[in-house]
Amino acid sequence: MKSPVSALAPALIGFGIMAAIGWNLAPHKPPNLTSDKETSAQQDRRRPERKSSRENALVSAQMQAIRNAESPSEKMRATLALVNSLPPSEFAKWAEGDRFSFRQGPELTVFRMILFERWIKESPETLIPWAGKNNYGQAGRGLQHLASQDPQSLIDHYRAHPDPKTELETLDEIAKHHPEIALQRLQELSADGLFSGTERTTKKLLSELAKKSPAALEAAMKTLPPDLQRPAESALVKERLAASFTTEVRTLFDRPDGWQIFSDISEDEKISTQLVEHLAELPAAWRAGMAENSYRFVNATNAKKWFGIDLEAVGFSPSQAKTFRGDALTNLVHQEPEFALKNLSNPDIDPSLKSFLITQALQSAKQDSAKGERLINLIESEEDRKLAHDQLKLAELASTQTSPQKPKEWLEKLGSIHQPGVDSHQVLRQLATWDETRIAELRANFNQLPIDQQQNIAKAVSATGLYSEVDPGFAGDAIRSIVVNSPPAPGSQEADPVVASSTHAVRLATTDPIAATEWITTLPEGNARLWAAKNVAAHWIQSDPKGTNAWLKTLPPETRQQVTEYLGTKR
């Protein structure tokens, strides 16, 4: 591992100055910073009451010497003189904060480089705790250097100052260079019991040990506590799979705990991809386990293989095969939108997934309508093409560049999109920026639209639910349109008037219960109105029982009785 000095050498050479003036890391006397007769430390001990102001003055003088230098080479000499004059007790103070406030040129980089080089060599016992709390940049490189060159200093420190989580992270770095030392210390720590919350760090350490010294880890297995033996075994198996997948995976097939071990390491994309070649050999328990967590085994690398395999022929059930093929297209849609769209007609693709896939595929077209049309033409089903065209219209409407600003034109465009699977959230969010005049014009024009266009818009508004950014008045008009018209056919994706009206009424009630009750009275008699009243009452009574009871008295007797009975069931 390169030291910090050598790591930064190319940058310094780029300045063309090292060779020019012959710098080195030998101590230099700082220019005119303290008296020859009395050091600053002696002065501080003599006048402790003035230490803070004296220290601040000294720091200012040290930095001023660098600023006053007349040339870049003089500035660098002053920087080197300063960093080589600092006692180890001052390293932490100069490594943090803004003591070295000179930010122009390479001086700060060189200062920190040499400071940490000295700190590593001269005072590692103080660097370790400081770097553990400030593990970034040169601090992290300082710990890496110690892990490589002096691992025992790190271990000795943590023996004296226990910090299991930080020490385990440090052992992971030590294991890269001295795996036997790291393993021995892990055995010591685990014998005393590892703290909760260190599982992920310990697993990472075991993986490094399995990579660097698998024989030593295997030999030490029985000395580890039971909760570490399985992750240690999994780490070793992962390395064996990397070396010879076919042989090792077949060995796992025959082990009672084979699936559990493989499942532990299945997040490795390369390993899960290689398993695809052995699907016909899988034990039934493996197929069931994979189907329960299909997303862990299907990825962008192997998705085409999963989609093309006759999964039923290798033992998966039809429902399991359906899940895998859906996951495969979901992984492919961004990289190969053409492939995803060509395969939408596959019977394993649910309608809700089709909508998602079309939306994602068309995102690659962005505002390029010609490209969008080319993608749509790849879809076999006429119904799916209609959905895609609606999605393309919606993308144009959602764009601030192509969306119409006049309420009437905006409504006409949204009203022409009739597919219920289309996501309209981005379009409706635009209304949050409209002023009262435009919203009033929007509501007036909405109520003049043909019923079919009203319904298309109302379904989009209803889909936003309780978290809508749509103006409450306009949302109320839209939801009322759903209630007034016939309920949807069973099993359809259209908005349910009862659910839509209750959701909107409760949304209103969260900020204005009176407005919610007034809106309910605009609904026609029926289940939608009744259930809206029930849900508003149940919500309102939690914060204002007196106001709720006063409102209940204004309801018709039969409605009041039903709402009151409903409240009784909620208590």
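Residues numbered from 1 in each chain as written. Predicted model: local features only at pLDDT ≥ 70, side-chain atom pairs only at ≥ 80, totals over all residues. Heavy atoms only, no water.

A. The overall build of the protein, seen in detail. Across its full length, the protein holds 35 helices and zero strands. Each of the 571 residues in the protein was classed as buried or not, and the buried ones make up 45%. Of the roughly 29400 Å² that the protein leaves accessible, carbon and sulfur atoms contribute 51%. (Helix = DSSP H or I, 4+ residues; strand = E, 2+ residues; numbered from the N terminus. Buried < 20%, exposed > 50% of the residue type's maximum accessible area, 1.4 Å probe, protein only. Areas by Shrake-Rupley, 256 points an atom, 1.4 Å probe, with all protein chains shown as cover.)

B. Expanded view of the nonpolar core. Judged by nonpolar contacts, the single largest core of 53 residues is most densely connected at W94, L209 and L217. Here the element with the most residues in this core is helix 7 (residues 107–122); it accounts for eight residues. In contact with L209, other than residues within four places in its own chain, are A175, P179, A182, L183, L186, P214 and L217. (Core = buried A, V, L, I, M, F, W, Y, C linked by side-chain atoms within 4.5 Å. Contact = heavy atoms within 4.5 Å.)

C. Seen up close, the packing of helix 10 (residues 151–160) against helix 12 (residues 179–192). At a minimum axis distance of 11 Å, the contact between helix 10 and helix 12 shows a crossing angle of 10°. Our classification of the angle between helix 10 and helix 12 gives roughly parallel. Contact residues: helix 10 offers P151, I155, Y158 and R159, while helix 12 offers I181, R185 and E188. Here the contact of helix 10 with helix 12 is built from residues that sort into four nonpolar, no polar and three charged. (Axes fitted to C-alpha atoms, helices over the stretch in contact; angles between N-to-C directions. Parallel < 35°, antiparallel > 145°, perpendicular 65-115°, else oblique. Nonpolar A, V, L, I, M, F, W, Y, C, P; charged D, E, K, R; others polar.)

D. Layout of the pattern of salt bridges. All chains considered together, the criterion is met by 31 salt bridges. R99 is the salt-bridge partner of E90, the closest N and O atoms lying 3.0 Å from each other. The class for E90 is buried, based on a relative accessible area of 18%. Between R480 and D477 there is a salt bridge; the shortest N-O distance is 3.2 Å. (Salt bridge = Lys/Arg side-chain N within 4 Å of Asp/Glu carboxyl O.)

E. Local environment of the side chain of T202. Among the structural elements, T202 can be located in helix 13 (residues 199–212). Only 2.8 Å separates the side chain of T202 from the backbone oxygen of T198, close enough to count as a polar contact. Apart from residues no more than four positions distant in its own chain, T202 is found in contact with L168, L186, L194 and L228. (Polar contact = N/O pair within 3.5 Å; in protein donor to acceptor, adjacent residues only side chain to side chain.)

F. Spatial organisation of helix 5 (residues 72–85). Between its terminal C-alpha atoms helix 5 stretches 20 Å, which fits the 20 Å expected from 14 residues at 1.5 Å a residue. Of all the residues in helix 5, the buried ones are K75, M76, A78, T79, L80, A81, L82, V83 and N84. (Expected span 1.5 Å × (residues − 1).)

G. Looking closely at the environment of D471. Checked against the element boundaries, D471 lands in the loop between helix 29 (451–463) and helix 30 (472–484). Classification of D471 by relative accessible area gives partly exposed; the value is 25%. Separated by 42 residues in sequence, D471 and R429 have C-alpha atoms that sit 9.8 Å apart. If we ignore the near neighbours within four places in the chain, the residues touching D471 are I439 and R443. In terms of polar contacts, D471 uses its side chain to reach the backbone amide nitrogen of G473, at 3.0 Å.

H. Main features of the environment of V59. Here V59 is to be found in helix 4 (residues 51–67). Residue classification places V59 among the buried residues on the basis of a relative accessible area of 13%. Separated by 40 residues in the primary sequence, V59 and R99 have C-alpha atoms spaced 7.0 Å apart. The contacts of V59, once residues within four sequence positions are left out, are W94 and R99.

I. Representation of the packing of helix 11 (residues 164–175) against helix 13 within the structure. Where helix 11 contacts helix 13, the axes come no closer than 9 Å and their chain directions differ by 15°. Classed by the angle they form, the pair helix 11 and helix 13 counts as roughly parallel. By crossing handedness, the relation of helix 11 to helix 13 is classed as left-handed. Seen from helix 11, the contacting residues are K165, L168, E169, L171, D172 and A175; seen from helix 13, they are T201, T202, K204, L205, E208, L209 and K212. Looking at the contact of helix 11 with helix 13, its residues break down into five nonpolar, two polar and six charged. (Left-handed = near helix turned anticlockwise from the far one by under 90°.)

J. Local environment of helix 10. Among all positions in helix 10, only P151, S153, L154, I155, H157 and Y158 are buried. Buried positions along helix 10 lie against helix 8 (124–133), helix 9 (137–149), helix 11 and helix 12.

K. Representation of the confidence of the model for the protein within the structure. Residues at a pLDDT of 70 or more form 86% of the protein, whose mean pLDDT is 84. Segment residues 1–51: pLDDT under 50, and 62 contacts once partners within four positions in sequence are set aside and those in other chains are kept. (pLDDT = per-residue confidence, 0-100.)

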